[in-house]
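Report on the structure
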Amino acid sequence: MQVLSGRWPTLLIYYLKEGTKRFSDLRRDNPTISHRMLTLELRKLELAGIVRRTDFDGYPRRVEYGLTASGRALVPLLEALGDWWNGNAAPLEGSAMAGASESGGTCESLPDPPALA
């Protein structure tokens, strides 16, 4: 479960559900992810057995990423989560805004930390 936490893993699985993609294709799918972060997240998913990396010989070097059987098994779960969000996002966001307006739109201040002796 830890491997799916964060901003990028579920998006990368979503992008790879249609088939194998090259690194540049994944960058194009989501231009807000940095080169380094994409590399780290793909390695993390590969080590977890969710994504497989295929290296091709030749020049220029070509690497493709695709979902393993375990990764493909996650796709229906992520789609169900997306469907749930689409049906429930507005009421949830509305209740969060209502809570903020009831409290004057500001966060309650936290108590001062205890003094260190």
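Residues numbered from 1 in each chain as written. Predicted model: local features only at pLDDT ≥ 70, side-chain atom pairs only at ≥ 80, totals over all residues. Heavy atoms only, no water.

Notes on the overall build of the protein
Secondary structure summary: the protein contains four helices and three strands in total. Along the chain direction, N to C, the helices and strands of the protein fall in the order α-β-α-α-β-β-α. Counting only residues that meet the buried cut, the protein has 25% of its 117 residues in that class. A fraction of 46% describes how many contacts in the protein between residues 6 or more apart in sequence connect residues 24 or more apart. Here the protein has roughly 8,600 Å² of accessible surface; of this, 58% comes from carbon and sulfur atoms. (Helix = DSSP H or I, 4+ residues; strand = E, 2+ residues; numbered from the N terminus. Buried < 20%, exposed > 50% of the residue type's maximum accessible area, 1.4 Å probe, protein only. Contact = heavy atoms within 4.5 Å. Areas by Shrake-Rupley, 256 points an atom, 1.4 Å probe, with all protein chains shown as cover.)

A short note on the sheet that holds strand β3 (residues 62-67)
Backbone hydrogen bonds are what pair the strands of a sheet, in a parallel or an antiparallel way. Strand order in the open sheet formed by three strands is β1-β3-β2, and the pairing between neighbours is antiparallel. For this open sheet the edge positions go to β1 (21-22) and β2 (51-56), each flanked by a neighbour on one side alone. Together, β1, β2 and β3 form the strand contacts of helix α1 (residues 9-16), whose direction differs from that of β3 by roughly 100°. (Pairing = 2+ DSSP bridges. Axes fitted to C-alpha atoms, helices over the stretch in contact; angles between N-to-C directions.)

Brief notes about the side chain of Glu41
Within the secondary structure, Glu41 sits in helix α3 (residues 35-47). With residues up to four places along the chain from it excluded, the contact list for Glu41 reads Trp8, Pro9 and Leu12.

Focus on the nonpolar core
Ranked by internal contacts, the top residues of the largest apolar core, which has 20 residues, are Leu26, Ile50 and Tyr65. If you list the elements that add at least two residues to this core, you get α1, α2 (23-29), α3, β3 and α4 (69-102). Setting aside residues no more than four positions away along its own chain, Leu26 makes contact with Leu12, Tyr15, Leu16, Lys21, Leu38, Leu42 and Tyr65. (Core = buried A, V, L, I, M, F, W, Y, C linked by side-chain atoms within 4.5 Å.)

Some details on a nonpolar patch on the surface
On the surface, a cluster of nonpolar side chains totalling about 350 Å² of accessible area is made up of Leu81, Trp84 and Trp85. Relative to the assigned elements, Leu81 resides in helix α4. For Leu81, a relative accessible area of 52% puts it in the exposed group. (Patch = residues over 30% accessible without salt bridge, like charges linked within 9 Å, V, L, I, M, F, W, Y side chains within 5 Å. Salt bridge = Lys/Arg side-chain N within 4 Å of Asp/Glu carboxyl O.)

What about α1?
Since there are 3.6 residues in each turn of an α-helix, residues three or four apart along the chain are aligned in direction. For α1, the complete set of buried residues consists of Pro9, Leu12, Ile13, Tyr15 and Leu16. With its buried residues spanning 160° around the axis, α1 presents them on a single face. (Arc of directions from axis to C-beta.)

Considering α3
For α3, which comprises 13 residues, the first-to-last C-alpha distance of 18 Å matches the rise-based estimate of 18 Å (1.5 Å per residue) to within 8%. Within α3, the full set of buried residues consists of Leu38, Glu41, Leu42 and Leu45. Along α3, the residues classed as buried sweep out an arc of 100° about the axis, all on the same side. Away from the buried face of α3 by more than 90 degrees, exposed residues Arg36, Arg43 and Leu47 are located. Those residues of α3 that are buried are in contact with α1, α2, β2 and β3. (Expected span 1.5 Å × (residues − 1).)

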